[in-house]
Amino acid sequence: MLHQGSCIFVMDQKWGKESTKPLVSVVITVYNTEKYLERCIESILLQTYTNLEIIIVNDSSTDDSAKIINHYSEQDSRIITVPHETNKGLFEARISGVN
């Protein structure tokens, strides 16, 4: 199942080099969410606000979530992946993404 509230939006005081808009960090925690993951990532990539980074924390998924994450991270340099070797739970996954 998709963790309820698994996206965290963080406004940062860093400014992009090409933009006068602040950088927005979107943290997505993932654990066996292959069914919803593509739609989640696509919805973020289609936003009109483009000065963002997407941090995806894979909390040791056993389904094809890692393949989906790798596919998107190869296509878009704004996607940062944080893999966990063992499942640490939603709280630790969020902390990893924010750090």
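Remember, predicted model here, so these are calculated numbers, not experimental data.

**Remarks on the pairing of strand β4 (residues 79-83)**
Both strand β3 (residues 52-58) and β4 contribute to a ladder of 5 bridges, which runs parallel. Directly across from V57, in β4, lies its bridge partner V82. Crossover β3 to β4 through helix α2 (residues 65-75) is right-handed.

**Quick notes on unusual backbone geometry**
Although it is not a glycine, N32 adopts a positive phi angle of roughly 55°. Since its relative accessible area comes to 24%, N32 is described here as partly exposed. One non-glycine residue with positive phi stands out, namely S60, at about 60°.

The rules behind each value
- Residues numbered from 1 in each chain as written.
- Predicted model: local features only at pLDDT ≥ 70, side-chain atom pairs only at ≥ 80, totals over all residues.
- Heavy atoms only, no water.
- Pairing = 2+ DSSP bridges.
- Helix = DSSP H or I, 4+ residues; strand = E, 2+ residues; numbered from the N terminus.
- Right-handed = clockwise from strand over helix to strand, strands pointing away.
- Buried < 20%, exposed > 50% of the residue type's maximum accessible area, 1.4 Å probe, protein only.

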